[in-house]
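# Fold and geometry: a report
The chain contents come next:
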Amino acid sequence: MNNVTTRTKARRASIMVVSVLFVLATLLAGCSNSGANTNLKTNTNQPAGGQTGSAGPTANNGSGEQSAINDGRWELGSEPLEFNMYGHYSWYDVPAWNSTVAGRWIQENKKVNILSISAGGNHEQKLSTMIASNDLPEVIWMDRGAEVERLREMGMLVPFDDYLEKYPNLKTWMGKDLNMLRSKDGKLYQFPNWYTGRPNGNAGYVINKKIYEELGSPALETTEDLYRYLVAVKEKYGNSVVPFEPHLAKDMQGLGVLYTAFGENVLYSYLSASLRAVPKENQLTSVFTDDTFREAQKYISKLYRERLISQDAFTQTLDQIEEKVMQGRVAVFAGASPFIAMNAHQELTKKDPDAGYFMIWPIHKPGLDKNKIYPGTYTSLGWNVSVITTAAKDPEKIFAFLDWYTGPEGQTLLFFGPEGKNWKGFDADGYPNFTPEYDADEVTKLQMDQDPIMWNGNTGFIDPAKMKYESALPKEKQNWAARYQSEITWKTQANATEFVNLDPDPDSDLGVIKQRVDDIFTQAYAQSVMAKSDEEVDSILDKADKIAKDAGYSQLLEFRTEAWKQNKALLGK
């Protein structure tokens, strides 16, 4: 949550949702959602309103009194700060700092300049080269986990512990869950993005309004309803419309959402590379032998065999998917963040008021409780992280900037622009006061343009901020994404924080096993979707389970079970 790649675009959609989310946001993101999910969580340590000056935020001590920031803090904007930054992804480069409204404003008003280091399309090689030459960037934006730990063990990261009291936004907004980000040495090295203490996320189902109404607006609640509907779409529209379009099937998006329809409290995360397991009786067990997974795969395989799912689902690009959605040639669109349908809705309704897209409550298998179906998940840790390396000339000043950036003033700047036109000051709860001149189109564009520099999104702040504006509007005027986040997606995402940080060291024997299991699962997943019968689905998964166990899957499950139990202990579960 950038016109760069699948993951960035999905994240941008999520963030756009955050605007007006645009996970939060979800968080999520938040996440959710980004991230992207709902009701304002009371936080007695929430920053007070009205803190827009360079003096920075104050922290509430829970009694209503404001406690002073520790002496010795560096004042953001008191002198120039320049550092370089590298995005550790093949699909992403840190954009030119002066290419965005927020970047220019910060450069002029806070004297901060950020220099971009490009991955050149090969992030793994780029980082290895920088490590080998001892020429690290000052800040790296990357996935949390094993890669971060590798840098830490090499002594290349700066811990944040001495800064948390001086610059309290992160500690205040994330609370005790911040401990989940601590490394094995007990110190904190990671600044999270789209972290949250409240539900967020965007996963779910989007329906083509015109097609739905032309087919009589039938019930779309159960897996049986969905099957009948997809058959009707194919019969009426033939090859001109895709009945069911999964958002990036090769990453299990869309099809993974369908998996959750077959079990109460079943999580999309069980299929992810960070888990590949199903919890049962306080143990993580094989996903290949799980009854719910097999039932879902047989249903999905049936849809695929009957050409109710895109036949190129595993090979098509995100651009190809977006083109079909934008043209209205998709009847049902599902994914972890299907909000590209928001742009399509806006464009289609300009030409035809009866066209467009809407979201529905998650599909469920008949007999299950629809309120226990969770097509998506979020974690309090959010998406990825920023780390400060030992190459940084002024690590404390960089942290001070990141902490300001994640606080109310920084987040409001990113989502609603500089103070003056769209907002002015903060209310008693610490959220921006929106002005009569608020321009929703301008805000949406700002969020899209600035998504590539949203490195440490605060879903817990931005979701309520955006909903403060949206909730005051009639439904027909609300931002499309924000409306469905508040009505559906934020209510139907599950908290999966207990399943984070379960990966072994990639260079260890277990790391090799994990990679092998990932390869086995990825292949078996696609093969089972394209199976010719239910029997073949079982055969494929039986074989995959055996190969995985021969490769050491049981050892990986044992390792992850222990790590999972440690997480639950930290979370008080």
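Residues numbered from 1 in each chain as written. Predicted model: local features only at pLDDT ≥ 70, side-chain atom pairs only at ≥ 80, totals over all residues. Heavy atoms only, no water.

## Comments concerning the confidence of the model for the protein
The predicted model of the protein averages 87 in pLDDT, with 88% of residues at 70 or higher. The low-confidence segment residues 1–70, where pLDDT is below 50, has 341 contacts with residues more than four positions distant or belonging to other chains. (pLDDT = per-residue confidence, 0-100. Contact = heavy atoms within 4.5 Å.)

## Quick notes on the pattern of salt bridges
In this structure the tally under the stated criterion is 38 salt bridges. The partner of Lys171 in a salt bridge is Glu165, with the nearest N and O atoms 2.1 Å apart. Taking the relative accessible area as the measure of exposure, Glu165 reaches 42% and is therefore partly exposed. Here Asp503 and Arg560 are joined by a salt bridge, their closest N and O atoms 2.5 Å apart. (Salt bridge = Lys/Arg side-chain N within 4 Å of Asp/Glu carboxyl O. Buried < 20%, exposed > 50% of the residue type's maximum accessible area, 1.4 Å probe, protein only.)

## A few points about the packing of aromatic side chains
Counted under the stated rule, the structure contains 41 aromatic pairs. The interplanar angle of 55° and the centroid separation of 6.0 Å between the aromatic rings of Phe83 and Phe401 together place this pair among those described as tilted. Of this pair, Phe83 sits in strand S3 (residues 81–87) while Phe401 sits in helix H12 (residues 395–406), and the two are 318 residues apart along the sequence. Between Phe434 and Tyr469, the aromatic rings sit 5.6 Å apart at their centres with planes inclined by 70°, giving edge-to-face as the arrangement. Pair noted here: Phe434 is in strand S16 (residues 432–434) and Tyr469 is in helix H15 (residues 459–470), with a separation of 35 residues, a long-range link. Taken together, the aromatic side chains of Tyr259, Phe288, Phe293, Phe314, Phe521, Tyr525 and Tyr553 make up a single cluster linked through ring pairs. Taking NZ or CZ as reference, Lys302 lies 4.2 Å from the ring centre of Tyr227, over its face. For the cation-ring pair, Lys568 lies above Trp564, with the distance from its terminal atom to the ring centre recorded as 4.0 Å. (Phe/Tyr/Trp six-rings, centres within 6.5 Å; stacked < 30°, edge-to-face > 60°. Helix = DSSP H or I, 4+ residues; strand = E, 2+ residues; numbered from the N terminus. Lys NZ or Arg CZ within 6 Å of the ring centre and 35° of its normal.)

## What about the environment of Asp451?
Tracing the sequence through the fold places Asp451 in the loop between helix H14 (440–450) and H15. Taking relative accessible area as the criterion, Asp451 reaches 2% and is therefore assigned buried. Residues Asp451 and Phe415, spaced 36 residues apart in sequence, show a C-alpha to C-alpha distance of 9.0 Å.

## Structural notes on the packing of helix H3 (residues 123–132) against helix H4 (residues 146–153)
Contact geometry of H3 with H4 gives a least axis separation of 13 Å together with a crossing angle of 10°. Classified by the angle their axes make, H3 and H4 are roughly parallel. Residues Glu124, Leu127 and Ile131 of H3 form the contact with H4, whose own contacting residues are Glu147, Arg150 and Leu151. (Axes fitted to C-alpha atoms, helices over the stretch in contact; angles between N-to-C directions. Parallel < 35°, antiparallel > 145°, perpendicular 65-115°, else oblique.)

## Quick look at the sheet that holds S3
Read from one edge of the open sheet, five strands run S4-S3-S5-S14-S6, paired in mixed fashion. Looking at the sheet topology across the chains shown, the edges are occupied by strand S4 (112–117) and strand S6 (191–192). Relative to strand S5 (residues 139–142), S3 is paired through three bridges, and the arrangement is parallel. Residue pairing in the sheet places Gly87 in a bridge with Trp141 of S5. (Pairing = 2+ DSSP bridges.)

## Here we look at the side chain of His123
For His123, the location among the structural elements is in helix H3. When sequence neighbours within four positions are dropped, the list of residues in contact with His123 reads Tyr86, His88, Tyr89 and Ser90.

## Describing the environment of Thr285
Position of Thr285 among the secondary structure elements: in strand S10 (residues 283–286). In the structure, Thr285 is positioned 268 residues away from Tyr553 in sequence and 9.7 Å away in space, judged by C-alpha atoms. Sequence-distant contacts of Thr285, that is, excluding residues within four places in its chain, are made with Ala277, Val278, Lys280, Tyr553 and Leu557. Within polar-contact distance, the side chain of Thr285 engages the backbone oxygen of Val278 at 2.7 Å. (Polar contact = N/O pair within 3.5 Å; in protein donor to acceptor, adjacent residues only side chain to side chain.)

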